[in-house]
Amino acid sequence: LLSRGMSSAHSECPLCARKGHRSVPGFENHHLVACRTCGFVYCLQDPSVEELRAFYRGYPVRDVLSPVTALRFDELLDRFEPYRMNGRLIDVGCGAGLFLERAALRGWEVFGTEYGDRAVAACSARGIRIIEGPLEPSHYGDDHFDVVCSFEVIEHLAHPRPEIARMARILRPGGLLYVTTPNFNSVGRLFSGASWSIVNYPEHLSYFTPRTLRRLAGSA
């Protein structure tokens, strides 16, 4: 953890650990740089604990499942089905537990991690086994899950490589790691330029493309 009230700057690329970067034009106010070696786009400034606490104190918790989202969850769970062996699934950064609640209806034994009293209370009310705080493999054991999923979370992390390694540790051989994140090379960003709403310090700190996301997965 960083010292309270003190932010710092990355000394090396969070993905490839090489030194050397260039600024990303138009996003200087959000401290965005690109690694000169692997091209990974990240926030050079690593926010302090106090900055993060202040930002996430009022972060919204979505606690209502729309019919359209329920349909998408069911389609995704259909894709997860071939990986079911021990029947255990974990959602890292599970919010209010809406996806896990849907998975439990399909017979999955579900687990989650999240930050914040409201999200934890919402999950507990749904009967979801949730641990507040970061993913800690020792809570589960190695090779514990058929599926490890994480929706729109990895971009919030200043240090994504250790997190993906923790996910890989609790995933059984042949299991499924399913991670979603905004694509920095998306049409939306190319059209919107510096006004692309996804870029937001200190909320989003790591910006992936398909190539750099594959590299992250390969590192684990």
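Each value, and the rule that gives it
Residues numbered from 1 in each chain as written. Predicted model: local features only at pLDDT ≥ 70, side-chain atom pairs only at ≥ 80, totals over all residues. Heavy atoms only, no water. Helix = DSSP H or I, 4+ residues; strand = E, 2+ residues; numbered from the N terminus. Rg over C-alpha atoms; globule rule 2.2 N^0.38 Å. Buried < 20%, exposed > 50% of the residue type's maximum accessible area, 1.4 Å probe, protein only. Areas by Shrake-Rupley, 256 points an atom, 1.4 Å probe, with all protein chains shown as cover. Lys, Arg positive; Asp, Glu negative; His and termini not counted. Charge placed at Lys NZ, Arg CZ, Asp CG, Glu CD. Contact = heavy atoms within 4.5 Å. Patch = residues over 30% accessible without salt bridge, like charges linked within 9 Å, V, L, I, M, F, W, Y side chains within 5 Å. Salt bridge = Lys/Arg side-chain N within 4 Å of Asp/Glu carboxyl O. Axes fitted to C-alpha atoms, helices over the stretch in contact; angles between N-to-C directions. Parallel < 35°, antiparallel > 145°, perpendicular 65-115°, else oblique. Left-handed = near helix turned anticlockwise from the far one by under 90°. Nonpolar A, V, L, I, M, F, W, Y, C, P; charged D, E, K, R; others polar. Pairing = 2+ DSSP bridges.

A. Summary view of the overall build of the chain. Within the chain, the regular secondary structure consists of seven helices and eleven strands. Here the C-alpha radius of gyration of the chain, 18 Å, is about what a compact globule of 220 residues would show, namely 17 Å. Expressed as lengths along the three principal axes of its C-alpha atoms, the size of the chain is roughly 50 × 35 × 35 Å. For the chain, with 220 residues in total, the buried portion stands at 43%. Accessible surface, the chain as shown: approximately 11,400 Å² in total, 53% of it carbon and sulfur. Side chains of the chain give 25 positive and 24 negative charges; the mean places of these two sets differ by 6 Å.

B. Examining helix 3 (residues 98-105) more closely. Here helix 3 has its buried residues at Leu98, Phe99, Leu100 and Ala103. Where helix 3 is buried, its residues touch helix 2 (67-80), strand 6 (88-92), strand 7 (109-114) and strand 9 (145-151). Gly107, located one to two residues past helix 3, shows a positive phi value of around 95°.

C. Focus on a positive patch on the surface. Taken together, the side chains of Arg18, Arg161, Arg211, Arg214 and Arg215 present a region of like positive charge at the surface. By residue number, the principal contributor to the positive patch is helix 7 (residues 210-219), which donates three residues. With respect to the helices and strands, the residue Arg214 is situated in helix 7.

D. View of the packing of helix 2 against helix 3. Axis separation between helix 2 and helix 3 bottoms out at 10 Å; the angle between their running directions is 55°. Relative to helix 3, the element helix 2 lies oblique. The crossing of helix 2 and helix 3 is right-handed. Together, Ala70, Phe73, Asp74, Leu76, Leu77 and Phe80 of helix 2 and Leu98, Phe99, Arg102 and Ala103 of helix 3 make up the contact between the two elements. Its residues placed into classes, the contact of helix 2 with helix 3 shows eight nonpolar, no polar and two charged.

E. Structural context of the sheet that holds strand 2 (residues 21-23). In spatial order, the strands read 2-3-4-11; together these four strands make up an open sheet with antiparallel pairing. Only two strands of the sheet have a single neighbouring strand rather than two, namely strand 2 and strand 11 (206-207). Judged from the three bridges that link them, strand 3 (residues 32-35) and strand 4 (residues 41-43) form a sheet pairing that is antiparallel. Looking at strand 4, one finds that Val33 is bridged to Tyr42.

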